[in-house]
Amino acid sequence: MGDKAAQLMAQVAIFAISVAGYVALSIKGEATAEYVTLVGPVLGAAFLMTHLRGQDKVLGEIHENTNGVLTKRIEDGVRAVLDDRSTS
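Residues numbered from 1 in each chain as written. Predicted model: local features only at pLDDT ≥ 70, side-chain atom pairs only at ≥ 80, totals over all residues. Heavy atoms only, no water.

S.K.: Tell me what's going on with the overall build of the chain, and back it up with residues and numbers.
M.R.: Helices and strands together make up the secondary structure of the chain, namely two helices and zero strands. For the chain, whose C-alpha radius of gyration is 26 Å, the value lies well above the compact-globule estimate of 12 Å for 88 residues. For the C-alpha atoms alone, the extent of the chain along its principal axes is close to 90 × 30 × 15 Å. Relative to its full complement of 88 residues, the chain shows a buried share of 10%. Carbon and sulfur atoms provide 67% of the accessible area of the chain, an area that totals close to 7,100 Å². (Helix = DSSP H or I, 4+ residues; strand = E, 2+ residues; numbered from the N terminus. Rg over C-alpha atoms; globule rule 2.2 N^0.38 Å. Buried < 20%, exposed > 50% of the residue type's maximum accessible area, 1.4 Å probe, protein only. Areas by Shrake-Rupley, 256 points an atom, 1.4 Å probe, with all protein chains shown as cover.)

The structure is reproduced here in structure tokens:
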């Protein structure tokens, strides 16, 4: 199972547990406001984890491109232009 599939399964499980808890409290006639207040941030954090991991990946690619590959590409481009000027 891939990392994305595992994250999705964890999100679905957290959501299902949260809904089940809400339904159980509703059936018993208990107050659900406190439960929603408690579970809301947990659900938010669970769903944001996928976004943040994707953002970390993109930032890593940007860092790699700007701090290595891009410098070499600029040096190669300048070298090519200077070589063209010297042969003309």
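S.K.: Any details on the side chain of Ser18? Residues and values, ideally.
M.R.: With respect to the helices, strands and loops of the structure, Ser18 is situated in helix H1 (residues 3-28). A residue is classified by how much of its surface remains accessible, and Ser18, at 9% relative accessible area, is buried. Each residue touching Ser18, except ones within four places of it in the same chain, is listed here: Tyr35, Val39 and Leu43. (Contact = heavy atoms within 4.5 Å.)

S.K.: Which residues make up the side chain of Gln11, and what values go with them?
M.R.: Among the secondary structure elements, Gln11 is positioned in helix H1. The residues contacting Gln11, other than those within four sequence positions of it, are Ala46, Phe47 and Thr50.

S.K.: Just give me the short version of the environment of Ile14, but keep the residues and values in it.
M.R.: Looking at the element boundaries, Ile14 is found in helix H1. Taking the relative accessible area as the measure of exposure, Ile14 reaches 30% and is therefore partly exposed. Along the chain, Ile14 and Asp83 lie 69 residues apart, while their C-alpha atoms are 61 Å from each other. Leaving out residues up to four positions away in the same chain, Ile14 has contacts with Val42, Leu43 and Ala46.

S.K.: So what's going on with the pattern of salt bridges? Residues and values would help.
M.R.: According to the stated counting rule, one finds one salt bridge in the structure shown. The residue Arg79 makes a salt bridge to Asp76 at a minimum N-O spacing of 3.1 Å. Pair noted here: Arg79 and Asp76 are both in helix H2 (residues 33-87), with a separation of three residues, about one helical turn. The exposure class of Arg79 is partly exposed, given its relative accessible area of 47%. Classification of Asp76 by relative accessible area gives partly exposed; the value is 33%. (Salt bridge = Lys/Arg side-chain N within 4 Å of Asp/Glu carboxyl O.)

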